[in-house]
Amino acid sequence: MAKKKLLNSNAIAIILQRLACQLIENHNDFKNTVLIGLQPRGVFLAKRLAVILERDYHIKDLKSGQLDITFFRDDFRRRGESLEANKTTIDFIVEDKKVVFIDDVLFSGRSVRAALTAIQSFGRPSAIELLVLIDRRFSRDLPIQPNYKGCQVDAINQEKVIVQWQEQQKTDAVYIEN
Amino acid sequence: MAGLSSQHLLGIKQINKQDIELIFNTASHFKEVINRPIKKVPSLRDITIANLFFENSTRTRLSFELAEKRLSADVINFSANQSSVKKGETLIDTVNNILAMKVDIVVMRHPDVGAGVFLSKHIKAKIINAGDGTHEHPTQALLDAFSIKEKLGSIQGKNIVIIGDILHSRVALSNIFSLQMLGANVKVCGPLTLIPKHIKSLGVEVELNLEKALQWCDVANVLRVQHERMDIKYFPSVREYTQLFGINKQKLDRLKKEIVIMHPGPINRGVEITSDVADSKQAIILDQVENGVAIRMAVIYLLAEQIKTT
């Protein structure tokens, strides 16, 4: 199994800074914006971005949460093995707020579709945007595109994109594996 | 992740510790779901569930129905007192007629012990036992254990006493099985006439003195005196029962520690428990009701997951 490094920790740090700046361009002081990390893997990215926004750009009272989509997936009873749910923490109402979904890899778009339904349980957002670290082009099952992307990858279906976070695997890196 | 090891939920006897942990973990997520502004998930959109109640029930039926609706399942209700059962139809015929309407899961309460097990051998749908006679009531035991875990952090090593009418109680038996499986020490306490003869063979100690039982325990699960199941007199008078086995504030104040009070409902206020205890902050009776919906959602969700579409 061949494994190729796509991004190292330096490249990821630069990308995170850029994504944070792009968010500021569109959301100013984040008074009316909430960041939602999609469980399980988008949560790390959301936390990192929140840290950068608060520490480097002095954004105050940033609202962020995490959303689990297990019960909203469209492949329930169609999967071979069962999936364990993760925690949802949204301690605020998203009614009339701008919501930014944050995930590590955008692949088929099905997780995002599930998240679009799931978030409605917390109110009706005024707008929803999508931020991803890796956008896998040519692999979408649904008409969903990111508003912010760290890096675009042309991977074929059998290939796997693996995002490692310092919090879990000691170092930040993105690999492609086939 | 592995799903449930069992195809049905017939009793706690038929599942294992991993199953219980999986149900608890799933239920904790559903508890968060039922506290959202919109308390519903779409998972079971294409599943139909029949609630067959051959015996009266209010809270269990409501709890199951709500759990099913929160999961977006289609629900049909059936109760024996308004049905063909009275016209002489057999259980299998009744259920097969309902299944012909393409039902995937059957939730059943029945006055006869083993009705769920019997049915599971003859029909294709998944069965959830919502109480079979004086035998088991697994979802009640699961929600009780879940509530204890939520309150005390864990069940391992905790002392739990079940007080009252053990003889007629399916809640007691399912509780004994589940609490022991999760590592608790279980005692029963009540009038000797209401304690099953061979209960010690389950590894349960019998304590006839309520004060000693309360002194020993961390949690007291107080059961209802089931007058409707008593064909003979098991104790001289309700007044005497209350004096000897009723929980009141004075008895709890003498303990010098705060124990957790549970009751599966419905409460006979002033008989097995006084109002000041039932409404006190050490009673988790209403938490049990809330957790009941989450636990039932988890059980239904995990069983539904096994019904593959292809």
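Residues numbered from 1 in each chain as written. Chains lettered and ligands numbered in written order. Predicted model: local features only at pLDDT ≥ 70, side-chain atom pairs only at ≥ 80, totals over all residues. Heavy atoms only, no water.

### What to know about the sheet that holds strand β4 (residues 126–132) of chain B
All names here are of chain B. Strand order in the open sheet formed by four strands is β2-β1-β3-β4, and the pairing between neighbours is parallel. Of all strands in the sheet, those bounded by a partner on one side alone are β2 (74–79) and β4. Across the sheet, the mean angle separating the axes of adjacent strands is 15 degrees when strand polarity is ignored. Here strand β1 (residues 48–53) runs beside β2; their pairing, made up of six bridges, is parallel. Each residue of the ladder has a partner; that of Ala-50, found in β2, is Ile-76. (Pairing = 2+ DSSP bridges. Helix = DSSP H or I, 4+ residues; strand = E, 2+ residues; numbered from the N terminus. Axes fitted to C-alpha atoms, helices over the stretch in contact; angles between N-to-C directions.)

### Comments concerning the packing of helix α2 (residues 59–70) of chain B against helix α11 (residues 285–304) of chain B
All names here are of chain B. Direction vectors running N to C along α2 and α11 enclose 55 degrees, while the axes themselves pass 8 Å from each other. Comparing their axes, α11 and α2 come out oblique. Remark: the crossing between α2 and α11 carries right-handed chirality. Residues Thr-60, Ser-63, Phe-64, Leu-66, Ala-67, Glu-68 and Arg-70 of α2 form the contact with α11, whose own contacting residues are Gly-292, Val-293, Arg-296, Met-297 and Ile-300. (Parallel < 35°, antiparallel > 145°, perpendicular 65-115°, else oblique. Left-handed = near helix turned anticlockwise from the far one by under 90°. Contact = heavy atoms within 4.5 Å.)

### Observations concerning the sheet that holds strand β1 (residues 3–7) of chain A
Residue and element names in this part refer to chain A. As summarised here, the arrangement of the three strands in space is β1-β8-β7, forming an open sheet in which the pairing is antiparallel. Either end of the sheet is taken by a strand with one partner, and the two such strands are β1 and β7 (160–164). Across the sheet, the axes of successive neighbouring strands diverge by a mean angle of 30 degrees, strand direction being ignored. Contacts between helix α1 (residues 9–27) and the sheet are confined to β1 and β8 (173–177), with β1 contributing the most and set at about 35 degrees to the helix.

### What about the domain arrangement of chain B?
Residue and element names in this part refer to chain B. Domain boundaries assigned for chain B yield domain 1 (12–136 + 289–304) and domain 2 (138–284). When each unit is reduced to the centre of its C-alpha atoms, the spacing between domain 1 and domain 2 is 25 Å. Both faces considered, domain 1 and domain 2 share a buried interface measuring about 2,400 Å² in area, 67% of it formed by carbon and sulfur atoms. Of all residues in domain 1, Ile-12, Phe-24 and Thr-134 give up the largest surface area on contact with domain 2, accounting jointly for 27% of the area buried on that side. Remark: the boundary between domain 1 and domain 2 carries two salt bridges. Residue Lys-31 is joined to Glu-150 by a salt bridge in which the shortest nitrogen-to-oxygen separation is 2.7 Å. Here domain 1 and domain 2 share seven residue pairs in polar contact (both at pLDDT 80 or more) between them. Contributions of two or more residues to the side of domain 1 that touches domain 2 are made by α1 (17–33), α2, β4 and α11. (Domains from an automatic or database assignment. Buried area = accessible area lost by both parts, 1.4 Å probe. Salt bridge = Lys/Arg side-chain N within 4 Å of Asp/Glu carboxyl O. Polar contact = N/O pair within 3.5 Å; in protein donor to acceptor, adjacent residues only side chain to side chain.)

### Considering the pattern of salt bridges
Under the counting rule described, the total for this entry stands at 22 salt bridges over all chains. As a salt-bridge pair, Arg-48 of chain A and Glu-167 of chain A come within 2.9 Å of each other at their nearest N and O atoms. Of this pair, Arg-48 of chain A sits in helix α2 (residues 42–55) while Glu-167 of chain A is found in helix α4 (residues 166–169), placing the two residues 119 residues apart along the sequence. Classification of Arg-48 of chain A as buried rests on a relative accessible area of 14%. A network of salt bridges, in which partner residues are shared, links Arg-73, Asp-75 and Arg-79 of chain A together with Glu-305 of chain B. (Buried < 20%, exposed > 50% of the residue type's maximum accessible area, 1.4 Å probe, protein only.)

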